[in-house]
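Take a look at the letters that make up each chain.
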2 protein chains.
Amino acid sequence: MNPQVLAVARAARAASRQLAAIEPLRRDQALQAMAAAIEGAHQPILEANALDIAAAVSAGRSAALVDRLRLDANRLRSLAASVREIAELPDPLGAAEWQPARADGLQIGRIRAPLGVIAMIYEARPNVTIDAAALCLKSGNAAILRGGSEAVHSNRALIAVVGQALAAVGLPAAAVSALPSTDRSELLDLLKLDSDVDLVIPRGGEGLIRFVAEHSRIPVIRHYKGVCHLYVAASAEHDTAVRLLIDGKTSRPGVCNALETLLVDAAVAADFLPLAAAAMRARGVELRACAQSIGWLPGALPATPEDWDAEYLDLVLAVRIVDGLDAALAHIAAHGSLHTEVIATREEAQATRFMREVDASAVMWNASSRFNDGGALGLGAEIGISTTKIHAYGPMGLESLTTRKWLVRGQGNLRHPIPG
Amino acid sequence: MNPQVLAVARAARAASRQLAAIEPLRRDQALQAMAAAIEGAHQPILEANALDIAAAVSAGRSAALVDRLRLDANRLRSLAASVREIAELPDPLGAAEWQPARADGLQIGRIRAPLGVIAMIYEARPNVTIDAAALCLKSGNAAILRGGSEAVHSNRALIAVVGQALAAVGLPAAAVSALPSTDRSELLDLLKLDSDVDLVIPRGGEGLIRFVAEHSRIPVIRHYKGVCHLYVAASAEHDTAVRLLIDGKTSRPGVCNALETLLVDAAVAADFLPLAAAAMRARGVELRACAQSIGWLPGALPATPEDWDAEYLDLVLAVRIVDGLDAALAHIAAHGSLHTEVIATREEAQATRFMREVDASAVMWNASSRFNDGGALGLGAEIGISTTKIHAYGPMGLESLTTRKWLVRGQGNLRHPIPG
């Protein structure tokens with residue numbers, strides 16, 4: 001165990017107790033100070049970011065990675081604005097909720113409390129540093145941030161800015177801290193500290209998430225990939241289904257709530273597939289089709305078994321004909337990723353079965369897969385989309401960074417009367 | 001990977017999909033059939049249990065273990081009755097809850113769904129086999145049960161009885177299954193199967209729970225020990241505080257919500273400690289006292305640092321004088337186990353601070369620690385008391401075996417309008 005890692009975790013634990021005890025107003029003041037500090041520190045942040053960009057470019061990293069890494073004045077302004085928006089959200093802890101008193105005078109209540117210490121493990125995007133710090137602070141949690149090595153200078157500069165804001169409002173620097181370095185051995189040590197850290201949230205590629213899940217003794221909320229399906233039922237309105245396909249596949253193909261596979265009921269394949277093919281062709285989408293559908297899809301490639309499990313994150317769509325709702329459900333059970341599933345149908349009974357039986361964090365009926373998102377579902381802010389079914393399933397808002405404890409208020413009430 | 005373990009998990013996954021799809025009435029029928037099957041199979045169950053008892057006795061196991069292992073006609077009758085009570089509880093899945101439609105016609109709702117497959121890892125008590133099977137079935141989950149090697153014959157007989165009940169109502173045997181053996185290697189294989197198993201609940205000693213938490217890739221809800229404190233504040237009513245101490249320490253010392261440490265405010269130590277000492281002496285409780293308190297506690301032993309972290313589960317109490325509420329909070333932060341904490345005070349402001357700042361699944365004000373229990377808090381049934389803060393904190397009722405998924409119902413609603 002690296003003693004510096006242990007010291008970071010212990011200091012975060014101590015800071016978490018202070019954060020849980022203060023008034024919500026002071027947490028909001030810290031967030032306002034954080035936004036102001038970001039606005040006042042464009043120069044040092046952008047200088048640090050330039051070092052990361054230069055290192056990534058000279059290491060020949062992809063243009064996509066360099067773009068994820070890059071900060072500029074606009075991105076910093078929007079980061080500060082998002083921190084202010086978080087400050088203005090309602091307090092996720094709120095007041096105790098009491099049940100009516102029982103006959104014996106006992107009152108039972110529950111109150112939301114911060115989880116305590118949350119470790120965020122992420123990759124190249126330095127804006128996660130600020131988002132995670134702000135969401136954890138708003139909910140009364142201390143944060144331990146472990147970004148990717150590509151963003152090490154940017155993250156160090158951003159955490160220094162957060163530290164200034166915390167100091168300005170008299171909160172401990174350990175409320176938001178980083179591991180001493182991005183060495184994997186430090187991460188492994190952190191993941192052992194289950195009495196000092198309450199939750200680990202890994203955000204990034206599947207490899208990172210599996211690594212964290214495999215090595216952590218601390219509870220982990222995972223967000224694996226999104227292999228999202230649109231099932232076009234026999235009674236679907238074809239125009240609606242085509243529009244759901246276009247929005248789901250092409251409005252932002254690189255995100256996890258984008259569609260990856262189209263399942264078409266055999267009864268309407270001959271009518272629907274040509275419409276789908278035309279809409280996809282017009283938008284440059286490559287098709288990977290099953291043997292039964294390929295004849296209706298000019299230019300499509302034959303799908304291989306790997307296509308049914310692929311998260312393309314690109315303008316590629318797998319297409320399969322299925323024989324009714326049960327076959328669609330079986331395909332999704334075998335290949336779905338617990339993320340988002342869509343049915344296009346005019347039959348309520350079918351939609352009800354689909355919504356009940358599909359195992360996914362969000363199930364859409366005649367609505368786009370792209371609505372599975374904290375903002376679209378009204379959560380106000382989002383720290384990720386969980387495909388772990390415990391604690392939070394789907395978009396994680398501020399409430400998912402809290403727990404509920406029981407309160408019991410009595411007048412000396414006992415479980416067992418004392419004889420004599 | 002043992003192929004038999006994988007087969008058990010895959011079959012449980014398939015069964016879980018059937019359980020999630022059926023009407024609640026059929027799950028209740030399965031529970032009624034289970035209760036009847038237990039009542040009709042006293043003889044084979046007790047014969048199997050006798051083999052386990054004989055093995056434990058001849059291996060020189062403790063009388064306490066042999067007692068936990070033992071089934072008799074009364075215990076079987078009460079097991080069957082508890083299964084019937086679970087059948088009669090309300091359906092924990094319930095109906096979808098819809099928000100009012102948005103301006104764009106989109107309706108957003110949430111519905112409770114089973115977690116899927118739950119693995120219960122436990123030790124000697126064979127009644128856990130039936131309790132866990134019944135709670136998982138009621139909530140629409142498939143269960144994989146892995147009891148202790150001491151109870152292997154009893155558990156096999158009980159699972160056979162459950163299997164008869166499932167067959168009688170046409171549900172798959174894999175809805176409730178066991179690992180092929182109690183080999184630790186099979187448990188380790190099971191704990192790797194994070195796509196087939198949704199949650200692991202270990203119940204038993206701290207060693208078992210730590211072993212599971214360390215090796216599992218599947219989310220784990222833990223229940224470590226209960227080191228519960230009673231803090232007697234300066235303004236406490238002494239008679240109330242003594243009664244809370246008696247109930248908390250002596251009504252059932254072997255359970256996790258029993259008191260282990262008494263913290264007494266320095267301002268009232270001279271008055272309160274003699275009362276506490278007399279009440280404890282009269283009930284045969286051994287005291288382990290800090291240097292400041294020992295003078296008021298005739299016969300007490302000096303406490304060592306280990307006493308502050310001890311879960312005695314016995315008629316032993318640690319006693320410490322603390323200098324005000326902050327010192328009490330600091331002691332509990334350092335030595336508490338996130339289980340149950342109690343304050344005796346007449347001052348509401350003090351109680352409010354204690355309830356907010358103490359990190360514990362239940363915080364009691366002038367009420368006994370023994371109320372932290374699923375039955376006492378109105379949950380109807382309990383599968384354990386979680387000291388993990390995510391998903392469930394405190395007593396876990398049926399609801400904690402479910403998740404909530406999002407439902408979105410539209411009329412072809414899209415995130416981004418399609419141009420043209």
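No experiment lies behind these values; they were computed from the predicted model shown.

**What to know about the relation of the copies chain B and chain A**
Link 1 in the chain: Rotating chain B by 180 degrees about the axis while translating it 0.0 Å along that axis superimposes it on chain A, leaving an RMSD of 0.0 Å. Here the two chains are linked by the operation of a two-fold rotation axis. Nearest to the rotation axis, the C-alpha of H391(B) is located 1.8 Å from it, this being the minimum over chain B.
Link 2 in the chain: The fraction of interface residues of chain B whose copies in chain A are also interface residues reaches 100%, indicating that both copies meet through the same surface.

**A look at the domain arrangement of chain A**
Link 1 in the chain: Split by domain assignment, chain A resolves into domain 1 (3-221 + 396-407) and domain 2 (228-371).
Link 2 in the chain: If you average the C-alpha positions of domain 1 of chain A and of domain 2 of chain A, the two centres end up 36 Å apart.

**Topic: helix α2 (residues 24-39) of chain B**
Residues and elements named next belong to chain B.
Link 1 in the chain: Here α2 is 16 residues long and its end C-alpha atoms lie 23 Å apart, about the 22 Å a rise of 1.5 Å per residue gives.
Link 2 in the chain: Looking at α2, one finds that the buried residues are R27, D28, A30, L31, A33, M34, A35, A37 and I38.
Link 3 in the chain: Packed against the buried residues of α2 are α1 (3-21), α3 (42-58), α5 (73-88), α6 (127-138) and α7 (152-168).

**So, the packing of α3(B) against α5(B)**
Residues and elements named next belong to chain B.
Link 1 in the chain: Axis separation between α3 and α5 bottoms out at 11 Å; the angle between their running directions is 120 degrees. In terms of axis orientation, α3 runs oblique to α5. As α3 packs across α5, the resulting crossing turns out to be right-handed. Contacts between α3 and α5 involve H42, I45 and L46 from the first element and A73, L76 and R77 from the second.
Link 2 in the chain: Per-class residue counts for the contact of α3 with α5 are four nonpolar, one polar and one charged.

**Structural notes on the sheet that holds strand β7 (residues 228-232) of chain A**
Link 1 in the chain: Within the open sheet, the ten strands sit side by side as β10(A)-β9(A)-β11(A)-β8(A)-β7(A)-β12(A)-β13(A)-β16(B)-β2(B)-β1(B). Their pairing is mixed. Among the strands making up the open sheet, the edge pair consists of β10 (301-302) of chain A together with β1 (97-98) of chain B.
Link 2 in the chain: Summarising the sheet, strand β9 (residues 286-289) of chain A and strand β11 (residues 316-322) of chain A pair through four bridges and their orientation is parallel. Bridging across to β11(A), A289(A) finds its partner in V319(A).

**Considerations on the sheet that holds strand β6 (residues 199-202) of chain A**
Within a sheet, each strand pairs with its neighbour through backbone hydrogen bonds, oriented either parallel or antiparallel.
Residues and elements named next belong to chain A.
Link 1 in the chain: Pairing within the open sheet is parallel, and its four strands lie in the order β5-β4-β3-β6. The open sheet terminates on both sides in strands that have one partner only, identified here as β5 (176-178) and β6. In this sheet, adjacent strand axes meet at a mean angle of 20 degrees when their direction is disregarded.
Link 2 in the chain: The sheet contact formed by strand β4 (residues 142-146) and β5 spans three bridges and is parallel. Of the residues in β5, the one forming a bridge with L145 is A178.
Link 3 in the chain: Lying on the sheet, helix α6 (residues 127-138) is in contact with β3 (117-121), β4 and β5; it crosses β4 at an angle near 165 degrees.
Link 4 in the chain: Each of β4 and β5 touches helix α7 (residues 152-168); the most contacted strand, β5, lies at about 150 degrees to it.

**As for the pattern of salt bridges**
When the charged atoms of two side chains lie near each other, side chains of opposite charge can form a pair.
Link 1 in the chain: Following the criterion strictly, the structure yields 46 salt bridges over all chains and no others.
Link 2 in the chain: One salt bridge connects R61(A) with E150(A), and the closest N-O pair in it is separated by 3.7 Å. Taken as a pair, R61(A) in the loop between α3 (42-58) and α4 (63-69) and E150(A) in the loop between β4 and α7 lie far apart in primary sequence, 89 residues in all.
Link 3 in the chain: Exposure remark for R61(A): the relative accessible area of 39% places this residue in the partly exposed category.
Link 4 in the chain: For D91(B), the salt bridge identified is with R27(B), shortest N-O distance 3.6 Å. One end of the pair, D91(B), is in the loop between α5 and β1; the other, R27(B), is in helix α2, with 64 residues separating them in the sequence.
Link 5 in the chain: For R27(B), a relative accessible area of 2% corresponds to the buried category.
Link 6 in the chain: Look at the salt bridges and you will find they share partners, linking R13(A), D198(A), D359(B) and K389(B) into a network.

**Considering the nonpolar core**
Link 1 in the chain: In terms of nonpolar packing, the biggest core is built from 150 residues, with L137(A), I144(A), L145(A), L137(B), I144(B) and L145(B) touching the most fellow members.
Link 2 in the chain: Ignoring sequence-local partners within four residues, the contact set of I144(B) consists of V8(B), A9(B), A12(B), V117(B), I118(B), A119(B), M120(B), S177(B), L179(B), L190(B) and V197(B).
Link 3 in the chain: Among the nonpolar cores identified, the runner-up in size contains 48 residues, and A236(B), V268(B), A362(B) and A367(B) belong to it.

**Here we look at the interface of chain B and chain A**
Link 1 in the chain: With 75 residues of chain B at the interface, the matching set in chain A holds 75 residues.
Link 2 in the chain: Buried surface at the junction of chain B and chain A, both sides included, amounts to about 6600 Å², of which 53% is carbon and sulfur.
Link 3 in the chain: Considering only the side of chain B, the residues that lose the most area to chain A are I390(B), W406(B) and R415(B), jointly responsible for 12% of the buried surface there.
Link 4 in the chain: Across the pair D198(A) and K389(B) runs a salt bridge, and its minimum N-O distance is 3.0 Å.
Link 5 in the chain: Applying the counting rule to chain B against chain A returns 49 residue pairs in polar contact (both at pLDDT 80 or more).
Link 6 in the chain: Of all the secondary-structure elements, those providing two or more residues to the side of chain B that touches chain A are α1, α9 (206-215), α10 (238-250), α13 (348-357), β13 (362-367) and β16 (402-413) of chain B.
Link 7 in the chain: It is β16(B) that provides the largest number of residues to the side of chain B that touches chain A, a total of eleven residues.
Link 8 in the chain: Among the residues making up the side of chain B that touches chain A, the classes are represented as 36 nonpolar, 15 polar and 24 charged.
Link 9 in the chain: Pairing between strand β13 (residues 362-367) of chain A and β16(B): five bridges, direction parallel. Pairing of W365(A) across the sheet is with R409(B), part of β16(B).

**Focus on unusual backbone geometry**
Residues and elements named next belong to chain B.
Link 1 in the chain: Residues other than glycine seldom take positive phi values, yet L313 does so here, at roughly 50 degrees.
Link 2 in the chain: Summarising the element assignment, L313 is placed in the loop between β10 (301-302) and β11 (316-322).
Link 3 in the chain: Since its relative accessible area comes to 37%, L313 is described here as partly exposed.
Link 4 in the chain: Positioned with a positive phi, H391 is a non-glycine residue whose angle comes to about 75 degrees.
Link 5 in the chain: Of note, H391 is situated in the loop between β14 (385-386) and β15 (394-395).

**Notes on the environment of E206(A)**
All names here are of chain A.
Link 1 in the chain: Looking at the element boundaries, E206 is found in helix α9 (residues 206-215).
Link 2 in the chain: Sequence-wise, E206 and Y224 are 18 residues apart; in three dimensions their C-alpha atoms are separated by 5.9 Å.
Link 3 in the chain: Ignoring sequence-local partners within four residues, the contact set of E206 consists of Y224 and K225.

**Topic: helix α13 (residues 348-357) of chain A**
Link 1 in the chain: Among the residues of α13(A), Q350(A), A351(A), F354(A) and M355(A) are the ones counted as buried. Take α13(A) and look down its axis: the buried residues cluster within an arc of 130 degrees, on one side only.
Link 2 in the chain: In the core, the buried residues of α13(A) are packed alongside β7, α12 (325-335), β12 (340-344) and β13 of chain A together with β1 and β16 of chain B.

**Some remarks on the confidence of the model for chain A**
Link 1 in the chain: On average, residues of chain A carry a pLDDT of 95, and 100% of them reach 70 or more.
Link 2 in the chain: In the model output, the complex is listed with pTM 0.94 alongside ipTM 0.93.

**A closer look at the packing of aromatic side chains**
Link 1 in the chain: Scanning the entire structure with this criterion turns up two aromatic pairs over all chains.
Link 2 in the chain: Ring centres of Y231(A) and F354(A) lie 6.3 Å apart, and the angle between their planes is 25 degrees; this geometry places the pair in the stacked category. Of this pair, Y231(A) sits in strand β7 while F354(A) is found in helix α13, placing the two residues 123 residues apart along the sequence.
Link 3 in the chain: What makes Y231(A) buried here is its relative accessible area of 0%.
Link 4 in the chain: We note R184(B) situated over the ring of F211(B); from NZ or CZ to the ring centre the distance is 3.9 Å.
Link 5 in the chain: Positioned above the aromatic ring of Y224(B), the side-chain terminus of R210(B) is 4.3 Å from the ring centre.

Cut-offs used in this document
- Per chain, residues are indexed from 1 in the order of the written sequence.
- Both sets of labels track the order of writing: A upward for chains, 1 upward for ligands.
- Owing to the predicted nature of the model, reporting of local features is limited to residues with pLDDT of at least 70; listing and counting of side-chain atom pairs is limited to 80 or more, with chain, interface and lining totals taken over all residues.
- Side-chain measures were taken over the full set of non-hydrogen atoms in the model, leaving aside hydrogen atoms and water.
- In this comparison the copies share one frame, found by least squares on the C-alpha atoms of residues holding pLDDT of at least 70 in both.
- Any two residues having at least one pair of non-hydrogen atoms within 4.5 Å are treated as being in contact.
- Segmentation into domains, and thus their bounds, comes from an automatic or database assignment.
- Numbering of helices and strands starts at the N terminus; helices are DSSP runs of H or I of at least 4 residues and strands are runs of E of at least 2.
- Multiplying 1.5 Å by the helix residue count minus one yields the expected span of that helix.
- Whether a residue is buried, partly exposed or exposed follows from its accessible area with a 1.4 Å probe, protein chains only, as a fraction of its type maximum: under 20%, in between, or over 50%, in that order.
- Every axis in this analysis is a line fitted to C-alpha atoms, fitted for helices over the stretch in contact. Angles between the N-to-C directions lie between 0 and 180 degrees.
- Any angle that is under 35 degrees is reported as roughly parallel, and any over 145 degrees as roughly antiparallel; angles of 65 to 115 degrees are reported as roughly perpendicular and all others as oblique.
- Left-handed describes a crossing in which the near helix is turned anticlockwise from the far one by less than a right angle; the clockwise case is right-handed.
- Any residue outside Ala, Val, Leu, Ile, Met, Phe, Trp, Tyr, Cys, Pro, Asp, Glu, Lys and Arg is labelled polar, Gly included; the first ten of those are nonpolar and the last four are charged.
- Strand pairing is assigned whenever DSSP identifies at least 2 bridges connecting the two strands.
- We define a salt bridge as a side-chain nitrogen of Lys or Arg found within 4 Å of a carboxyl oxygen belonging to Asp or Glu.
- Here, nonpolar core means buried Ala, Val, Leu, Ile, Met, Phe, Trp, Tyr and Cys residues that are tied together by side-chain atoms lying within 4.5 Å of each other.
- Computed with a 1.4 Å rolling probe, the buried area is the accessible surface lost when two parts are put together, summed over both parts.
- By the criterion applied in these results, polar contacts are pairs of N or O atoms within 3.5 Å in which, for protein atoms, one can donate a hydrogen and the other can accept it, and in which residues neighboring in sequence qualify only through two side-chain atoms.
- The directions considered for the arc are those from the helix axis to the C-beta atoms.
- On a range of 0 to 100, pLDDT expresses the predictor's confidence in each residue.
- In summary, the pairing rule links any two rings of Phe, Tyr or Trp, Trp by its six-membered ring, whose centres are within 6.5 Å, and it sorts them by plane angle into stacked for under 30 degrees, edge-to-face for over 60 and tilted for everything else.
- Charge-over-ring contacts are defined here by two conditions on Lys NZ or Arg CZ: a distance within 6 Å of the ring centre and an angle within 35 degrees of the ring normal.

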